[in-house]
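# Report on the structure
Read off the chains here:
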Amino acid sequence: MKKSGFCLIIFLFGAFSLSRACTGISFQSKDGAYIQARTIEWGEGMLPSEYVIIPRGEKQVSYTPAGKKGMVFETRYGIIGLAIVQKEFIAEGLNEAGLSAGLFYFPRYGSYEAYDSAQREKTISDLQLVTWMLSRFATVAEVKAAVGKVRIIGLDEPGVTSTVHWRIGDATGEQVVLEIIDGKPYFYDNEIGVLTNSPGFPWHLTNSPGFPWHLTNLNNYVNLFPGGAPPQQLAGVKLNAFGAGSGFLGMPGDVTPPSRFVRAAFYKATAPRLHTAEETVLQAFHILNNFDIPIGIEHPLGKAPDIPSATQWTSVVDLTNRKVYYKTAYNNTIRCLDMKDIDFSKVKYQSYPLDRQKEQPIEKIVIS
């Protein structure tokens with residue numbers, strides 16, 4: 001990688017780390033399809049993003065702080081990925097076996113092993129771990145068995161600590177969260193099917209996997225329920241809700257990771273289970289619309305960059321039917337990449353920008 005590439009990575013993942021956020025949810029339709037969806041945020045400018053097609057048999061090499069000198073691996077399964085900064089850094093993807101994986105920003109709570117050039121042959125960068133998992137494995141169980149055999153490192157300069165954690169799911173509906181703490185991998189079953197950022201999926205204590213912080217925090221909202229709050233009497237005065245949805249009065253509305261986790265957990269839990277995969281895909285997009293971060297709230301007044309939203313793109317992955325859907329801040333039209341249309345034994349390794357043109361189509365209605 002050229003020096004300019006390293007500078008871009010450090011800029012995006014280090015200096016302005018607080019501007020990155022992600023929200024993930026998952027669903028299963030009545031016809032059995034398993035769906036994972038997420039947003040990805042970057043509030044400082046346009047985040048270079050592209051979709052990537054990787055065939056079977058493609059040789060991959062991991063970057064290290066010394067350049068492209070890490071672990072070499074070959075793709076056993078074809079991959080559709082959505083990458084950031086450059087094509088090797090898949091942030092969300094799916095392989096033809098039905099395994100899906102994505103990285104979520106995880107500042108101040110994760111900690112990788114230090115880079116050791118003597119062990120570079122089994123060293124992989126955190127930003128390429130999704131590519132490695134999707135290249136080699138078909139199930140969550142296979143990933144769990146293999147991760148402890150590699151060394152996961154960051155590409156940041158010394159003194160910069162930008163870490164991520166990962167959501168991994170397979171077509172059976174199993175989903176886990178992977179976090180690296182003091183260089184050691186920890187897997188957690190994600191029964192609630194929601195993931196955001198810090199603190200840890202469990203809040204890690206020194207040298208221990210800790211306890212489920214985000215899940216424990218849900219107890220602060222035990223009063224929330226779907227529907228409307230019934231009238232109440234207060235000192236002889238009848239109190240009535242102002243409108244619909246009053247059972248969720250008190251739901252946190254800010255964009256911090258704990259608040260987004262609470263909202264995502266309640267929206268997911270109360271969403272009706274729909275009949276088909278396609279209906280569920282659209283439902284996931286609608287729910288994640290609630291997590292779009294408007295540009296401006298993260299910056300001093302008048303200092304916001306000229307971009308439509310801090311939510312750069314939203315993706316929905318259908319693990320059962322092997323489809324990847326996405327929309328972007330620049331074009332809310334939902335686009336689909338279908339593995340049935342790809343011959344991974346013949347297709348070339350390729351990548352293209354998520355938006356060929358950064359322009360939202362507007363349909364003009366003609367009145368005759």
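Bringing the environment of Arg273 into the picture now. Note on placement: Arg273 falls in the loop between α5 (257-270) and α6 (277-288). The spacing of Arg273 and Thr320 is 47 residues in sequence and 16 Å in space, taken between C-alpha atoms. Apart from the residues lying within four places of it in its own chain, the contact partners of Arg273 are Gln28, Ser29 and Lys30. Of note is the side chain of Arg273, whose polar atom sits 3.2 Å from the backbone oxygen of Ser29.

Attention now goes to α5. A rise of 1.5 Å per residue sets the reference length of α5, with its 14 residues, at 20 Å; its end C-alpha atoms lie 20 Å apart and thus fit the reference within 8%. Within α5, the full set of buried residues consists of Pro257, Pro258, Ser259, Arg260, Phe261, Val262, Arg263, Ala264, Ala265 and Phe266. Close packing links the buried residues of α5 with β1 (24-28), β14 (194-195) and α4 (213-217).

Glancing now at the pattern of salt bridges. Scanning the entire structure with this criterion turns up eight salt bridges. Between Lys68 and Glu88 there is a salt bridge, with the nearest N and O atoms lying 3.8 Å from each other. Within this pair, whereas Lys68 is found in the loop between β4 (59-61) and β5 (72-74), its partner Glu88 is found in the loop between β6 (79-84) and β7 (90-95), the two being separated by 20 residues in sequence. Taken together, the shared-partner salt bridges in this structure form one network comprising Arg38, Glu92 and Arg167.

A few words now on helix α3 (residues 140-147). Regarding α3, the residues found buried are Val140, Val143, Ala146 and Val147. Looking down the long axis of α3, one finds its buried residues gathered within 130 degrees of arc, a one-sided arrangement. Elements that come into contact with the buried residues of α3 comprise α2 (129-136), β10 (151-153), β11 (164-169), β12 (175-181) and β13 (184-189).

Further remarks concern the sheet that holds strand β8 (residues 100-105). The strand order β13-β12-β11-β8-β7-β6-β3-β22 describes an open sheet built from eight strands, whose pairing is antiparallel. The open sheet has two edge strands, β13 and β22 (350-353), and neither has a second partner. Strand after strand, the sheet turns through a mean of 20 degrees between neighbouring axes, direction not considered. Two elements, strand β3 (residues 49-54) and β6, share six bridges in a ladder whose sense is antiparallel. Bridging from a neighbouring strand, Ile54 pairs with Ile79 of β6. Along the sheet, α2 contacts β3, β6, β7, β8, β11 and β12; its crossing angle with β8, the most-contacted strand, is approximately 170 degrees. Along the sheet, α3 makes contact with β11, β12 and β13, crossing β13 at roughly 160 degrees.

The next thing to look at is the pairing of strand β21 (residues 335-338). Note that strand β20 (residues 323-328) and β21 share four bridges and pair antiparallel. Bridging across to β21, Lys323 finds its partner in Asp338.

Pairing in this open sheet of six strands is antiparallel, and the strands run β14-β1-β2-β19-β20-β21 from one edge to the other. Of all the strands in the sheet, just β14 and β21 have a single pairing partner and so form its edges.

The next subject is unusual backbone geometry. The linkage connecting Ser198 with the following residue, Pro199, adopts the cis geometry, with an omega of 0 degrees. Its location among the elements puts Pro199 in the loop between β14 and β15 (203-205). Positive phi values are uncommon outside glycine, yet Arg108 reaches one of about 75 degrees. Here Arg108 lies in the loop between β8 and β9 (123-125). You can call Arg108 exposed: its relative accessible area is 61%. In this model, Ala235 sits at a positive phi of 50 degrees, which is unusual for a non-glycine residue.

Our focus in this paragraph is the pairing of strand β19 (residues 311-318). Within β19, eight of the eight residues are buried, which leaves it mostly tucked inside the rest of the structure. Two strands pair when backbone bridges link them, and strand β2 (residues 34-41) and β19 are joined in this way by seven bridges, in the antiparallel orientation. Looking across to β19, one finds that Gln36 is bridged to Val317. The sheet contact formed by β19 and β20 spans six bridges and is antiparallel. Opposite Val316, over in β20, you have Tyr325 as the bridge partner.

The rules behind the values
- Residues numbered from 1 in each chain as written.
- Predicted model: local features only at pLDDT ≥ 70, side-chain atom pairs only at ≥ 80, totals over all residues.
- Heavy atoms only, no water.
- Helix = DSSP H or I, 4+ residues; strand = E, 2+ residues; numbered from the N terminus.
- Contact = heavy atoms within 4.5 Å.
- Polar contact = N/O pair within 3.5 Å; in protein donor to acceptor, adjacent residues only side chain to side chain.
- Expected span 1.5 Å × (residues − 1).
- Buried < 20%, exposed > 50% of the residue type's maximum accessible area, 1.4 Å probe, protein only.
- Salt bridge = Lys/Arg side-chain N within 4 Å of Asp/Glu carboxyl O.
- Arc of directions from axis to C-beta.
- Pairing = 2+ DSSP bridges.
- Axes fitted to C-alpha atoms, helices over the stretch in contact; angles between N-to-C directions.

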